[in-house]
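Fold and geometry: a report
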Amino acid sequence: MVASLKRNSLYNLMGNLAPVVISFVTVPLFLHKIGVDEYGVLAIVWLFLGYFGVFDFGIGMASANQFAKLEDHGQMVSVFWSGIWTNLILGIVGAAVLLLLGDFLFEYLFKMSSVMHASVVSALPWLALAVPVITVNGICVGVLDGRQLFLKMNALAFTGSFFLQLLPLLTAYLHGPDLTWIIAITVLSRLFFGAIPMGIAAFYTLGKPRPEWPQWYWIKKMLGYGGWTTLSNMVVPLTGAMDKFLLGSLVGPAAVTFFAIPERLARQGAVVPGAVTRALFPMLAAGNEKDARDASSQSLDLLLLIQTPMICGLILVLQPFLGIWVGWSVADKAGSVGLIIAATIWLVGLNYIPSMLLQARGRPDIAAKLRVLELLPYLLVLWLSIHYLGLIGGGIGLLFVTILDMLLLFWGAKLVLFKNWTFWQSLAWIMSAEILAWSFDRTSVLWYVFAIVFVGISVVWAGYRSPLIRACVAPLLGRMYGNRLRAVGK
């Protein structure tokens, strides 16, 4: 189990990091070609489209849960086709809703020029096409997830992500900063280089099953599981997108850009917990209750020790990296809110554990109910923060809801957090990194020295606290220094 968890976590980590490397190249080029305001509108469009993925109704996750549990091939085929047909219909319904409401929402909810508004509205048919693509693709991903084929899934995801970022950028350079064309090419890239290859892989994984009509038994079973997941999936994207929606509405598209760029960078700090918990999900779903809880507690300790030095490094490198990456004019505006967002990523990583445990053990209803409770206070705090503080208020609202999410999820999953000594030590490291980062001076060599030493000591602390980390690092160091010593001897 440990070996497969480490291997699958590594595959997921590589799959998550690869698109980040590509975005390091594409984001500055996008900003240069289409401008800050247009990039902000584009970010709003993708958030808007991502929210319509809720028409999956949790069936993608429910199918992954079934594929992890089932061993009978005939039953897996029935789950597959039942999920495909159901999500196709739901996706078509979602597309119709998007076509009906899209013009109204983009006109009255977001501040944008008439030219940009016209471009987005003309691209609504393309956005509508993307909805069933997203919902059906969720079933295909569920096949590979549930059967623990993480290498294949992440290889396909990387290829899709590569073309998803490259082709729209080429469109902007060849055809100009026309959002209609950029959105259309993005949707087609997602279809031909993402969804179709993933569908072929799922089809062959199940032995090229003959098409069959959906079975009500499996639809009912997946909707029963997915209904609560859907409610949670409606709230989570809403809380993740509402800060940018309100910034676009109350402040303007440029504020969305200054928020979205550091958020996109900071979110990469969650790739490690995301990779581990995704690999852990089939094991939690298939095992008994005691084993699942023991694995969750052990994973929490390990994540704290792995993630804390990484997030400390992210906090300290964020502002200087933004300056190099997208220019100091953007970094000066985005850096402060980026530091708040980076702190929330540490909490987000912890929240993966109780959330995944609840879903794997068939209790997504608990997470869904708790997240509904979070929604009203979050919206109130977010609106007040943005209204009075502007850009940085979006970061404050995000931090508030992440802390609230942590408190409720650990309570709902009955996992111990505040009695965990590693948690408090990790929190002290994160707060110290924030204090140092807020004193950033781009001209001070001494600051950079302090930052490097700080991250180095945090890594030593994590290695001292975790025998597993030492066991992984020691052989690597032994090979490195052994080879060096042998080279010197020769």
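Coordinates for the structure precede this section.
Since we're looking at a predicted model, the values are computed, not measured. (Residues numbered from 1 in each chain as written. Predicted model: local features only at pLDDT ≥ 70, side-chain atom pairs only at ≥ 80, totals over all residues. Heavy atoms only, no water.)

A few words on a nonpolar patch on the surface. Among the surface-exposed residues, Leu250, Val251, Leu380, Trp383, Leu384, Tyr388, Leu389 and Ile396 lie close enough to one another that they form a single nonpolar patch of about 740 Å² accessible area. The biggest single contributor to the nonpolar patch is helix α14 (residues 364-389), with 5 residues. Here Val251 shows up in the loop between α9 (216-250) and α10 (253-266). (Patch = residues over 30% accessible without salt bridge, like charges linked within 9 Å, V, L, I, M, F, W, Y side chains within 5 Å. Areas by Shrake-Rupley, 256 points an atom, 1.4 Å probe, with all protein chains shown as cover. Salt bridge = Lys/Arg side-chain N within 4 Å of Asp/Glu carboxyl O. Helix = DSSP H or I, 4+ residues; strand = E, 2+ residues; numbered from the N terminus.)

Below, the discussion takes up the environment of Thr171. Along the polypeptide, Thr171 turns up in helix α7 (residues 150-175). With 14 residues separating them in the primary sequence, Thr171 and Ile185 have C-alpha atoms 7.4 Å apart.

Helix α15 (residues 391-413) packs onto α10 with a crossing angle of 50° between their chain directions and a minimal axis gap of 9 Å. If you check the angle between α10 and α15, you find them oblique. In this structure, the crossing between α10 and α15 has a hand that is right-handed. Here Ala255, Phe258 and Phe259 of α10 come into contact with α15, specifically with Leu391, Gly394, Gly395 and Leu398. Each residue belonging to the contact of α10 with α15 can be placed in one class, and the counts come to 5 nonpolar, 2 polar and no charged. (Axes fitted to C-alpha atoms, helices over the stretch in contact; angles between N-to-C directions. Parallel < 35°, antiparallel > 145°, perpendicular 65-115°, else oblique. Left-handed = near helix turned anticlockwise from the far one by under 90°. Contact = heavy atoms within 4.5 Å. Nonpolar A, V, L, I, M, F, W, Y, C, P; charged D, E, K, R; others polar.)

Let us now look at the side chain of Thr308. You can see Thr308 is positioned in helix α12 (residues 289-326). Of the polar contacts made by the side chain of Thr308, one reaches the side chain of Ser426; its length is 3.2 Å. Ignoring sequence-local partners within four residues, the contact set of Thr308 consists of Leu303, Trp346, Ser426, Trp429, Ile430 and Trp461. (Polar contact = N/O pair within 3.5 Å; in protein donor to acceptor, adjacent residues only side chain to side chain.)

Now for the nonpolar core. Looking at soluble globular proteins, one finds that nonpolar side chains tend to be buried together. Membership of the largest hydrophobic core comes to 91 residues, with the highest contact counts inside it found for Phe30, Ile261, Ile315, Leu322, Trp346 and Leu350. Considering each element in turn, this core owes the most residues, 14 residues, to helix α13 (residues 328-360). Beyond its immediate sequence surroundings of up to four residues, Leu350 is in contact with Leu300, Leu304, Gln307, Met406, Phe410 and Phe423. The next biggest cluster of nonpolar side chains, apart from the first, holds 25 residues, and it includes Val79, Trp81, Val136 and Met153. (Core = buried A, V, L, I, M, F, W, Y, C linked by side-chain atoms within 4.5 Å. Buried < 20%, exposed > 50% of the residue type's maximum accessible area, 1.4 Å probe, protein only.)

Turning to the pattern of salt bridges, a few remarks are in order. Tallied over the full model, the rule gives 1 salt bridge. Across the salt bridge formed by Asp332 and Arg442, the nearest N and O atoms sit 3.0 Å from each other. Here Asp332 is found in helix α13, whereas its partner Arg442 is found in the loop between α16 (421-438) and α17 (445-465), with 110 residues between them in sequence.

We now examine unusual backbone geometry. Phi is positive for Lys208, close to 50°, though the residue is something other than glycine. Here Lys208 lies in the loop between α8 (179-205) and α9.

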